[in-house]
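# Report on the structure
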Amino acid sequence: MGFYSRYIAPGLVDCACGTKPIAYQRRKLIPQATGVVLEIGAGGGRNFALYDRTKVSRLIALEPEPGMVKRGRARAPEGLPIDWLERGAENANLPPASLDTIVTTYTLCTIPDAVRALAALRPALKPDGKLLFCEHGLAPDAETVKWQKRIEPIWRPLAGGCHLTRDVDAMLAASGWRVETAERMYLPGTPHWAGYNVWGSARPT
């Protein structure tokens, strides 16, 4: 891991993930989580304060990057039990049917093999559990996609490996998830090439 990746990228990514439009998206999604929750790529802990502590009994924060774990630990609120797993989602090795909710927000864009990671976590979800997701990715219009493809090779190394052209719906389907609810829009005040959002809930197929 180079100097930039270790010391600079975590701060830049954390700052980008705290913008007002993204914070608004988080506030819509995170309070829906219940029971034992696994947050994929918990990162700097931007979601922690948004969990409804009357509904969440335990939070498992999955995050492989040491710099982000340090920021997340500093943001951990009182009254929310958090267990940290400092490894990738594909190596989570959680007991079968041990989770009520899996949460992913602005994470699938950076996981090297997001399909494999999502597939690996399915067995850990209880039969009545759900995946809550809010992600950015491949835009629906050709002009924006053209710019996403142009910018991505420059953007990805600067933004901690963030891909602009990942198809969220396709990744969920390929990893064995069935989308139950979904909303889509370009976030206001955000460049279209980075701001196409998809959010909702899914269950294993």
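Presented here is a report on the structure given in the accompanying data block. Just so it is clear, the structure is predicted and the values come from calculations on it, not from any experiment.

## Things to note about unusual backbone geometry
Even without being a glycine, N93 presents a positive backbone phi close to 55 degrees. Among the secondary structure elements, N93 is positioned in the loop between β3 (82-85) and β4 (99-105). Classification of N93 as exposed rests on a relative accessible area of 67%. At Y106, a position not held by glycine, the phi torsion is positive, near 50 degrees.

## Focus on helix α5 (residues 142-158)
Working note: α-helix, 3.6 residues per turn, so residues spaced by three or four point in the same direction. The terminal C-alpha atoms of α5, which comprises 17 residues, lie 24 Å apart, in line with the 24 Å expected from a rise of 1.5 Å per residue. In α5, a bend of some 55 degrees at E152 exceeds every other bend along the element, and P153, a proline, comes one to four places later. Structurally, α5 contributes buried residues whose contacts are with β6 (177-186) and α7 (192-195). Residue G160 follows α5 closely and has a positive phi angle near 65 degrees.

## A few points about the packing of aromatic side chains
One pass over the full model with this rule turns up three aromatic pairs. Between W155 and W193, the ring centres sit 5.2 Å apart and the planes meet at 80 degrees, which makes this aromatic pair edge-to-face. On the criterion of sequence distance, the pair formed by W155 in helix α5 and W193 in helix α7 is long-range, its members being 38 residues apart. Residue classification places W155 among the partly exposed positions, given a relative accessible area of 28%. In this structure, R150 is placed above the aromatic ring of W147, and the distance from its NZ or CZ to the ring centre is 4.6 Å.

## Quick word on the sheet that holds strand β2 (residues 56-62)
Spatial ordering of the open sheet is given by β3-β2-β1-β4-β5-β7-β6, a layout of seven strands whose pairing is mixed. Only two strands of the sheet have a single neighbouring strand rather than two, namely β3 and β6. Ignoring strand direction, the axes of neighbouring strands in this sheet form an average angle of 15 degrees. For strand β5 (residues 125-136) and strand β7 (residues 196-204), the ladder comprises six bridges, and the chain directions are antiparallel. If you follow L132 over to β7, its bridge partner there is S201.

Thresholds, definitions, all that
Along each chain, residues carry numbers from 1 onward, in the same order as the chain's sequence is written. Only residues with pLDDT of at least 70 get local features here, since the model is predicted, and only at 80 or more are side-chain atom pairs given and counted; chain-wide, interface and lining totals rely on the full set of residues. Water and hydrogen atoms play no part in the side-chain values, which are based on all heavy atoms of the structure. A run of H or I in DSSP becomes a helix once it reaches four residues, and a run of E becomes a strand once it reaches two; helices and strands are each numbered from the N terminus. Partly exposed describes any residue whose relative accessible area lies between the buried limit of under 20% and the exposed limit of over 50%, with all areas from a 1.4 Å probe on protein chains only and scaled to the type maximum. For a helix, the expected span equals 1.5 Å multiplied by the number of residues minus one. Working definition for bend: take the seven residues up to and ending at a residue and the seven starting at it, fit an axis to each, and measure the angle between the axes. In this analysis, two residues are considered to be in contact whenever any of their non-hydrogen atoms come within 4.5 Å of each other. What counts as a ring pair is set by centres within 6.5 Å for rings of Phe, Tyr and Trp (its six-membered ring), and what kind of pair is set by the plane angle: stacked under 30 degrees, edge-to-face over 60, tilted for all other angles. Consider the ring centre and the ring normal. A charge sits over the ring if Lys NZ or Arg CZ is within 6 Å of that centre and within 35 degrees of that normal. Any two strands with at least two DSSP bridges between them are considered paired. Between N-to-C directions, angles cover 0 to 180 degrees, with each direction set by a line fitted to C-alpha atoms, over the stretch in contact for helices.

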